[in-house]
Amino acid sequence: MTHIWLRAEPRAHETRVGLTPDGAAQMIAAGYQITVEDSDDRCIPTAEYVTAGCATAAEGSWPDAPDDAIIFGLKELPEDGTPLRHRQIMFGHAYKGQPSGRVLLDRFQAGGGTLFDLEYLVDPDGRRIAAFGYWAGYAGAAMSLLAWAAQQDGGVQADVQGVKDAQDLQDRIKTALAGHTPSTLIIGALGRVGTGAADLCHALDLRVVGWDMAETASGGPFPEVLQHDIFLNCILARPGTPVFVPATTPTDDRKLTVIGDIACDPDSDFSPIKVYDQATTWAAPNLRVHDEPPLDVMAIDNLPSLLPRESSEDFAGQLLPHLMGLDDLGQGVWGRAKATFDEKIS
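Report follows, based on the coordinates. Quick caveat, the model's predicted, so the values are computed rather than measured.

## Structural notes on the overall build of the chain
- Regarding its fold elements, the chain presents 9 helices and 12 strands.
- In terms of C-alpha radius of gyration, the chain reaches 21 Å, essentially the compact-globule figure of 20 Å for 346 residues.
- If one aligns the C-alpha atoms of the chain with their principal axes, the spans along those axes are about 60 × 40 × 35 Å.
- Scored against the burial criterion, the 346 residues of the chain give a buried share of 55%.
- In the chain, the share of contacts with a sequence separation of at least 24, taken over all contacts with a separation of at least 6, comes to 71%.

Structural data, given as C-alpha cells:
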C-alpha cells in the first residue's frame, strides 16, 4: 500500500495545501494510505481530513515517517542541513542555479532521497500538469495595485491581513484606489499567471495592456514597459528569457513606479528583472529600489497563500488525477520528474 504523508508547512504565512479532504477520500478508496500532520495554520482543518479517513501525526514529524512514505508538501523544508532520505513532493526551487537549491540537492544526495519537484511535473510535451499560476497572478496583481495605491498617499504598502476571499480582496483594492485607474502592463498575459492578473484588473475596470510571445519575440529592449504605472511579470525565468527591466530603470525617464515580479525568481541568472536580487515578504511586501520618483518591487514567492482556500482547491483538483498514479513512480509525470532530478543531482 502506497503511503502518502501530508506534512504541515513550517513557513509563516503559508496555509495552502496540495490535497483536499475530498481528494484524500478518493485516494483512500483507491487503496492509498494517507497520514496528515496536524496544523493550526492550514486553510483546511485537520478534522476534515480525519472525517475523510486519514490518519494523523504531530506537526513537523515527517522526518520520523516510515522509509517508504512519500512526503508531500508545498514550500521549502527547514534549512537545518539534515540529509533527506524520503521521496519528497514539493516546490524545490533547486534547478535554476539558486544557491539554496544546490544545498537542497546536496541534502537529498546525502540521504539517498528523491525530489519530485512540483514545478517539473509535466506532460509528454513539457507542459506543467498542475500549477498555482492563476491565483498567483490574481494575488500578485492585487498586491501590486495596493502598492501603487499606497504610493499615491506618499506611503509604502503594509502587510495585508485577514483577507476572507477573492471578493473581499477586490473590495479592499477598490477602496484603496479611490477612483484612480493605473495603467498596467502584463507580460505573459496569455498564460495561467497572466490570466489571473488580467482577470482581477478587468474586474476592477482598470486599463490593461497584455503582451505575450509575439510582443517579446524581438528580445528587447522594451522601453514601453516604462510607460505604464505598473508592470506585472508573469513569465518564469529560464534560459533565453529577455530582460524586461534593465538595471538602469530606476534612474531612467519613466512613468513606472511598481513592478510586480509575480514569477519571482530574483536569484536566478535568468531573471528578467535586473533592479533587485531578493524576494520580498508578507511583512514587508515591497522593496523600494529608488526614491524619487519611487520604484517599488513586489516579489513575494508564495502569493497564492493570500487566497489559500481558493488556490488550494484549484491546485489540488489539477493534481489529484496524477496523485492517483503514485503507486507507480517510474511512469508518467513522476517518471519524468525523477529523470529531471537525476540529471540535476549529477
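## Section: the sheet that holds strand 4 (residues 70-72)
- Taken together, the 6 strands give an open sheet; going across it, the order is 3-2-1-4-5-6, and neighbouring strands pair in parallel fashion. Every other strand in the sheet has two partners, leaving strand 3 (55-57) and strand 6 (114-117) as the edge strands with one partner each. Strand-to-strand twist across the sheet, computed as the mean angle between neighbouring axes with direction ignored, equals 25°.
- With 4 bridges joining them, strand 5 (residues 87-90) and strand 6 adopt parallel strand pairing. Pairing of R87 across the sheet is with T114, part of strand 6.

## Here we look at a negative patch on the surface
- On the surface, D38, D40, D41 and E59 cluster together into a negatively charged patch.
- Position of E59 relative to the elements: it lies in the loop between strand 3 and strand 4.
- In this structure E59 comes out as partly exposed when scored by relative accessible area, which is 47%.

## Some words on the packing of helix 4 (residues 133-152) against helix 6 (residues 192-203)
- In the contact formed by helix 4 and helix 6, the axes pass within 6 Å of each other and the chain directions differ by 45°. By the angle class used here, helix 4 and helix 6 are oblique. Crossing angle aside, the handedness with which helix 4 passes helix 6 is right-handed. Across the interface between the two elements, G133, Y134, G137, Y138, A141, A142 and L145 of helix 4 pack against R192, V193, T195, G196, A197, D199, L200 and C201 of helix 6.
- Of the residues assigned to the contact of helix 4 with helix 6, the class counts are 9 nonpolar, 4 polar and 2 charged.

## Digging into the environment of L236
- Counting through the fold element by element, L236 comes out in the loop between strand 9 (230-233) and strand 10 (258-261).
- Not counting chain neighbours up to four residues away, the residues in contact with L236 comprise K96, E119, R128, T241 and A263.

## Observations regarding the pattern of salt bridges
- On inspection of all chains with the given rule, the structure shows 17 salt bridges.
- Across the pair D125 and R127 runs a salt bridge, and its minimum N-O distance is 3.4 Å.
- For D125, a relative accessible area of 60% gives the class exposed.
- It is possible to trace a salt-bridge network through shared partners that takes in R11, E76 and D301.

## Thoughts on the sheet that holds strand 12 (residues 295-298)
- A sheet is described by the order of its strands in space; here 6 strands give the open sequence 8-7-9-10-12-11, paired in mixed fashion. One side of each edge strand has no neighbouring strand; the edge strands of this open sheet are strand 8 (207-211) and strand 11 (286-290). For this sheet the average axis-to-axis angle between neighbouring strands, irrespective of direction, equals 20°.
- Alignment of strand 7 (residues 183-187) against strand 9, held across 4 bridges, turns out to be parallel. Each residue of the ladder has a partner; that of L185, found in strand 9, is F231.
- Across the sheet, helix 4 touches strand 7, strand 9, strand 10, strand 11 and strand 12, and the angle it forms with strand 9 is around 160°.
- Helix 6 rests against strand 7, strand 8 and strand 9 of the sheet, and its axis sits at about 165° to strand 7.

## Some words on unusual backbone geometry
- Following G220, the chain continues to P221 via a peptide bond in cis, the omega torsion being 5°.
- Counting through the fold element by element, P221 comes out in the loop between helix 7 (213-216) and strand 9.
- Across the junction of E292 and P293, the peptide omega takes the value -5°, indicating a cis bond.
- Positive phi, normally seen in glycine, also occurs at A178, with a value near 50°.
- Phi is positive for C264, which is not a glycine, with a value near 50°.
- As for its placement among the helices and strands, C264 is situated in the loop between strand 10 and strand 11.
- Accessibility expressed as a relative area gives 11% for C264, which makes it buried.

The rules we used
- Residues numbered from 1 in each chain as written.
- Predicted model: local features only at pLDDT ≥ 70, side-chain atom pairs only at ≥ 80, totals over all residues.
- Heavy atoms only, no water.
- Helix = DSSP H or I, 4+ residues; strand = E, 2+ residues; numbered from the N terminus.
- Rg over C-alpha atoms; globule rule 2.2 N^0.38 Å.
- Buried < 20%, exposed > 50% of the residue type's maximum accessible area, 1.4 Å probe, protein only.
- Contact = heavy atoms within 4.5 Å.
- Pairing = 2+ DSSP bridges.
- Axes fitted to C-alpha atoms, helices over the stretch in contact; angles between N-to-C directions.
- Patch = residues over 30% accessible without salt bridge, like charges linked within 9 Å, V, L, I, M, F, W, Y side chains within 5 Å.
- Areas by Shrake-Rupley, 256 points an atom, 1.4 Å probe, with all protein chains shown as cover.
- Salt bridge = Lys/Arg side-chain N within 4 Å of Asp/Glu carboxyl O.
- Lys, Arg positive; Asp, Glu negative; His and termini not counted.
- Charge placed at Lys NZ, Arg CZ, Asp CG, Glu CD.
- Parallel < 35°, antiparallel > 145°, perpendicular 65-115°, else oblique.
- Left-handed = near helix turned anticlockwise from the far one by under 90°.
- Nonpolar A, V, L, I, M, F, W, Y, C, P; charged D, E, K, R; others polar.

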